[in-house]
Protein chains: 2
Amino acid sequence: MVDIATRVWNHKWKIDPIVRSLIDDDFYKLLMCQSVFHNHPDTRVTFSLINRAKHIPLADLIDEGELREQLDYIRSLSLTRGESTWLRGNTFYGKRQMFTPEFMTWFENLSLPEYHLERVGDQYELTFEGAWPEVMLWEIPALAVLMELRGRAVLKDMGRFELQVLYAQAMTRVWKKVEALRDLDGLLLADFGTRRRHSFLWQDWCVQALHEGLGKSFIGTSNCLIAKNRDLEAIGTNAHELPMVYSALASSDEDLAQAPYRVLADWHKEHDGNLRIILPDTYGTEQFLANAPDWLAGWTGIRVDSGDPATGAETAIRWWKERGEDPTKKLIIFSDGLDVDKIIELHSKFAGRVRVSFGWGTMLTNDFRGLVPNDALAPFSLVCKAVSANGNPTVKLSDNPNKAMGPEDEIQRYKRVFGVGKQVAQDVVV
Amino acid sequence: MVDIATRVWNHKWKIDPIVRSLIDDDFYKLLMCQSVFHNHPDTRVTFSLINRAKHIPLADLIDEGELREQLDYIRSLSLTRGESTWLRGNTFYGKRQMFTPEFMTWFENLSLPEYHLERVGDQYELTFEGAWPEVMLWEIPALAVLMELRGRAVLKDMGRFELQVLYAQAMTRVWKKVEALRDLDGLLLADFGTRRRHSFLWQDWCVQALHEGLGKSFIGTSNCLIAKNRDLEAIGTNAHELPMVYSALASSDEDLAQAPYRVLADWHKEHDGNLRIILPDTYGTEQFLANAPDWLAGWTGIRVDSGDPATGAETAIRWWKERGEDPTKKLIIFSDGLDVDKIIELHSKFAGRVRVSFGWGTMLTNDFRGLVPNDALAPFSLVCKAVSANGNPTVKLSDNPNKAMGPEDEIQRYKRVFGVGKQVAQDVVV
């Protein structure tokens, strides 16, 4: 029996929207948004798309009209009653009312602000300018739209069975990863793959496959919509965006040196337990930890997001020991460039010495490498970052100079202020 | 939107029937059935299931009640109006009214006769006894039911995503075969995989994948229901069943020696063109061709179904040359134990020297080797054969002694009558 109504409904769509909900977003974005809403509601920030993979000519691959339609569709979204109820009533990290009534009222009335799109050569310039709590919510949807439109451009000439087999291969690949991970004793792993996913439906599939295949080892997803729909935990804490903007707002070098700690002081007031996770690498992990106030050593854990992850973890363990903390009670979250081999290696190296968990991103939700000619579906390094705040440029150094961002003179100033010495460059794949 | 009616309808089924149509059968069965209906309507024949893979304990794997339900369901089937219209009105091998009005009237009124099922040790004895044109139609459905019930027994404890990935792997495997075959110049290939298919839906998928992936190289399917539903050519000519029964009916050794030729004399009256295909191996190809009447050399082609296929094809080519025929105008159909490597090898060896086509069976529609623990879904050698006719046992020798069937003394008599010498044994995988 054909469901005529469903069929007619499907044909009524003028476009096939990629992002269909304001909570099709990473959970930490909402946590940070609330923090910014309380602490910096009027700061003017500019987010900008940055395609680190210059060899991928996004403007040739993606039709500008289609891109505008997708972005316009996102601007038409507002929080549904069910989404609002879920955010207001659900427990996150074991806590009720994670989001305050004031924040929820604001969020319920929000539509995303304007975007600025321009083709420059074979790339797009895409920027979002406005009040920080509003523009920051563009980051993940913008990335998801670009990544999925690029995929659609590649898929559009494929046959029906060819397509089915493409997904069959990708499914098989994900499942083999599940099988490789399922026997790791005490593994804890979450999906962090929203921003660079192949598509929404594919991320949804991957999350469900992990849920079935890994059982209790799969602790949840960063994607709020999928967490809500699939009754899973929403996972995430905070990102580089906070120290980058706080630092850009600093009035002097002394003020700048303290900015990253002010971020965590604000966070400390709002959150406890597993949400107290330090992200130490924005301006170099070594110096950040060396200069950190003692109350930070009492936090639950550290997220290792750049540089060699084993080195980062050893640095964290050493630091906790120096500060008189017991590392076996601490949590290290690995979230940079993970795939199965790396997860297995890090798990076997650190399980028992610290509590370990993994935020698995691109190679979970977008491992289509080698599945089509010219590797045209391979993931690539696309980011959307806060590039200025109240007119000042932002800077990121990270533990990998290949991930550094900002004007060259500002980079040098930050290096000096934060005392960053020689760094080891690592390839940025995704 | 959930289609409530479809959902309720699906839950109303007491069983999930495996064979849902009397034309979910190989086309050659219907051609042979018509021939038998005209020439031997009253011959009493017994068909019997033979599991050559004794290590597969079918009676332990398959519940007897479920098996009976499936067989009973098949007995409840009769030809639908649409199926009848298709058989009456469609062109087969370019010919209209392939099936006579008398045969169609009989077929429209047919229900399959009783079956006899008994558990013996860890195997089932399953036999069908009755008028030849009726019981012969049990062969393919019985095999399909047993093969699919065995698969269901293996699949029933698997998770939802585990299942999806299992099929994803199988789809990927079929598609890799398609990709390996798609560039073979002038390839002609048909699906012959009904009898040992993994399941109906899976065969249907494989056929459609071949249709999309191979284009004109894919010439059709032996399965009438799939040919009808997917608007493809129904493919097939005749089988060992005919010479086996004709031979069992022979009244003397001299009569026996002529029986296989009588089969083809009857066929000659009914069919021409691409339906005039000799299946020479029932009692040894060499002697069959050496002793064949000259009019057989005028037939269109030879099907090579046992023994080393290249040797069989060389024998055929030599024979045509000896009889003054031009082999490049003749057709050789390979249909035994084929998989991609063998198809590529035979195609490259014989394309140009003769017209070549392939009837691809088990390794197309049931290549689940290695996909589950203990290889519990691997195909195995299950057949359903005419074992007696009017009380006389049937015999098959074929070009591979491992495929020989019948009482030992009768095998020796047939070897003597047909002058079969030493044969090379080949493993029977499927």
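Residues numbered from 1 in each chain as written. Chains lettered and ligands numbered in written order. Predicted model: local features only at pLDDT ≥ 70, side-chain atom pairs only at ≥ 80, totals over all residues. Heavy atoms only, no water.

As for the packing of aromatic side chains
When we look at a pair of aromatic rings, we describe it by the centre distance and by the angle of the planes.
Point 1. The final tally for this structure, using the stated rule, is 54 aromatic pairs over all chains.
Point 2. Consider the rings of Phe-334 of chain B and Phe-350 of chain B, whose centres lie 5.9 Å apart with planes at 40°: the pair is tilted. Of the two residues, Phe-334 of chain B sits in strand β8 (residues 331-334) while Phe-350 of chain B sits in helix α17 (residues 340-350), which places them 16 residues apart along the sequence.
Point 3. Assessed through its relative accessible area of 0%, Phe-334 of chain B is described here as buried.
Point 4. Grouping aromatic residues by their ring pairs yields a cluster made of Phe-27, Phe-37, Trp-86, Phe-92, Tyr-93, Phe-99, Phe-103, Trp-106 and Phe-107 of chain A. (Phe/Tyr/Trp six-rings, centres within 6.5 Å; stacked < 30°, edge-to-face > 60°. Helix = DSSP H or I, 4+ residues; strand = E, 2+ residues; numbered from the N terminus. Buried < 20%, exposed > 50% of the residue type's maximum accessible area, 1.4 Å probe, protein only.)

Some details on the interface of chain B and chain A
Where interface size is quoted, it is often the accessible area lost as the parts come together.
Point 1. Contacts between the two partners involve 22 residues from chain B and, on the opposite side, 22 residues from chain A.
Point 2. Across the chain B to chain A interface the summed buried area is about 2000 Å²; carbon plus sulfur atoms make up 65%.
Point 3. In this structure, the connection of chain B to chain A is made through zero salt bridges.
Point 4. Going through the elements one at a time, α1 (4-12), α9 (160-181) and α10 (200-214) of chain B are the ones with two or more residues in the side of chain B that touches chain A.
Point 5. At eleven residues, α9 of chain B tops the list of elements feeding residues into the side of chain B that touches chain A.
Point 6. Classifying every residue of the side of chain B that touches chain A gives eleven nonpolar, six polar and five charged. (Contact = heavy atoms within 4.5 Å. Buried area = accessible area lost by both parts, 1.4 Å probe. Salt bridge = Lys/Arg side-chain N within 4 Å of Asp/Glu carboxyl O. Nonpolar A, V, L, I, M, F, W, Y, C, P; charged D, E, K, R; others polar.)

Re the UniProt feature "domain: Nicotinate/nicotinamide phosphoribosyltransferase" (unreviewed entry) in chain A
Point 1. Under the feature "domain: Nicotinate/nicotinamide phosphoribosyltransferase" (unreviewed entry), the UniProt entry names residues 189-421 of chain A.
Point 2. A distance of 33 Å separates the end C-alpha atoms of residues 189-421 of chain A, which is 42% helix and 14% strand. (UniProt positions renumbered as here; feature names shortened; annotations may be inferred.)

Structural notes on empty space enclosed by the protein
Unfilled space is identified by rolling a water-sized probe across the atoms.
Residues and elements named next belong to chain B.
Point 1. Scanning the entire structure with this criterion turns up eight cavities of 30 Å³ or more.
Point 2. If you add up the space inside the largest cavity, you get close to 560 Å³.
Point 3. Along the walls of the largest cavity sit 34 residues, with Tyr-28, Arg-195, Arg-196, Asp-305 and Ser-335 positioned nearest its centre.
Point 4. Elements supplying a minimum of two residues to the lining of the largest cavity: α2 (27-39), α12 (241-248), α18 (362-365) and β10 (382-389).
Point 5. Considering every element that reaches the lining of the largest cavity, the biggest residue donor is β10, with four residues.
Point 6. Split into classes, the residues belonging to the lining of the largest cavity amount to twelve nonpolar, nine polar and 13 charged.
Point 7. Size it by volume and the second largest cavity reaches roughly 90 Å³.
Point 8. Forming the boundary of the second largest cavity are Asn-238, Ala-239, Pro-243, Pro-260, Val-263, Leu-264, Leu-279, Pro-280, Thr-282, Tyr-283 and Phe-288.
Point 9. Among the elements that make up the lining of the second largest cavity, the one with the highest residue count is helix α13 (residues 253-270) (three residues). (1 Å grid on protein atoms, 1.4 Å probe; cavity = no way out; pocket = protein on both sides within 12 Å on 5 of 7 lines; lining within 4 Å. Points joined across faces, edges and corners; volume = space filled by probe spheres on them.)

Details of a nonpolar patch on the surface
Point 1. Taken together, the side chains of Val-2, Ile-4 and Val-8 of chain A make up a nonpolar region of the molecular surface, amounting to roughly 300 Å² of accessible area.
Point 2. Within the secondary structure, Val-2 of chain A sits in the segment before α1 (4-12). (Patch = residues over 30% accessible without salt bridge, like charges linked within 9 Å, V, L, I, M, F, W, Y side chains within 5 Å. Areas by Shrake-Rupley, 256 points an atom, 1.4 Å probe, with all protein chains shown as cover.)

A short note on the sheet that holds strand β3 (residues 123-131) of chain B
Residues and elements named next belong to chain B.
Point 1. A sheet is described by the order of its strands in space; here five strands give the open sequence β2-β3-β1-β10-β11, paired in antiparallel fashion. Only two strands of the sheet have a single partner each, and these edge strands are β2 (116-120) and β11 (392-393).
Point 2. Across five bridges, the pairing between β2 and β3 is antiparallel. Residue pairing for β3: Val-120 is matched across the bridge by Gln-123. (Pairing = 2+ DSSP bridges.)

What about the relation of the copies chain B and chain A?
Point 1. If you rotate chain B by 180° and push it 0.1 Å along the axis, it lands on chain A with an RMSD of 0.0 Å. Such a combination of turn and shift is consistent with a two-fold rotation axis. Of every C-alpha in chain B, the one belonging to Ala-168 of chain B sits nearest the axis of rotation, 2.0 Å from it. (Least-squares fit on C-alpha atoms with pLDDT ≥ 70 in both.)

A look at the packing of α13 of chain B against helix α19 (residues 408-418) of chain B
All names here are of chain B.
Point 1. Viewed as axis vectors pointing N to C, α13 and α19 meet at an angle of 75°, and their least axial separation amounts to 10 Å. The orientation of α13 relative to α19 falls into the category roughly perpendicular. Of the residues in α19, those touching α13 at Asp-253, Leu-256, Ala-257 and Pro-260 are Arg-413, Tyr-414, Arg-416, Val-417 and Phe-418.
Point 2. Residues of the contact of α13 with α19, tallied by class, amount to six nonpolar, no polar and three charged. (Axes fitted to C-alpha atoms, helices over the stretch in contact; angles between N-to-C directions. Parallel < 35°, antiparallel > 145°, perpendicular 65-115°, else oblique.)

Notes on the sheet that holds strand β1 (residues 44-51) of chain A
Residues and elements named next belong to chain A.
Point 1. An order of β2-β3-β1-β10-β11 is seen for the five strands of this open sheet, with the pairing classed as antiparallel. Of all strands in the sheet, those bounded by a partner on one side alone are β2 (116-120) and β11 (392-393).
Point 2. Against the sheet, helix α4 (residues 64-75) touches β2 and β3 (123-131), its axis set at about 165° to β2.

Digging into the pattern of salt bridges
Residue and element names in this part refer to chain A.
Point 1. If you walk through the whole model with that rule in mind, you get 60 salt bridges over all chains.
Point 2. Of the charged contacts, one joins Glu-64 and Arg-68 as a salt bridge, the two residues approaching to 3.1 Å between their closest N and O atoms. Separated by four residues within a single helix, Glu-64 and Arg-68 lie in helix α4, roughly one turn from each other.
Point 3. Overall, Arg-68 belongs to the partly exposed group, its relative accessible area being 29%.
Point 4. Through salt bridges with shared partners, one network takes in Asp-26, Lys-29, Glu-139, Arg-195 and Glu-241.

Some points on the state of the cysteines
All names here are of chain B.
Point 1. In the structure shown here, the tally under the stated rule is zero disulfides over all chains.
Point 2. Not engaged in a disulfide, the cysteine Cys-206 finds its nearest cysteine sulfur in Cys-224; these two sulfurs lie 18 Å apart.
Point 3. Free cysteine: Cys-384, not disulfide-bonded; nearest cysteine sulfur from Cys-33 at 14 Å. (Disulfide = S-S within 2.5 Å.)

Some remarks on the side chain of Asp-204 of chain B
Residue and element names in this part refer to chain B.
Point 1. Within the secondary structure, Asp-204 is located in helix α10.
Point 2. The class of Asp-204 is buried, set by a relative accessible area of 9%.
Point 3. Ignoring sequence-local partners within four residues, the contact set of Asp-204 consists of Ile-226 and Arg-230.

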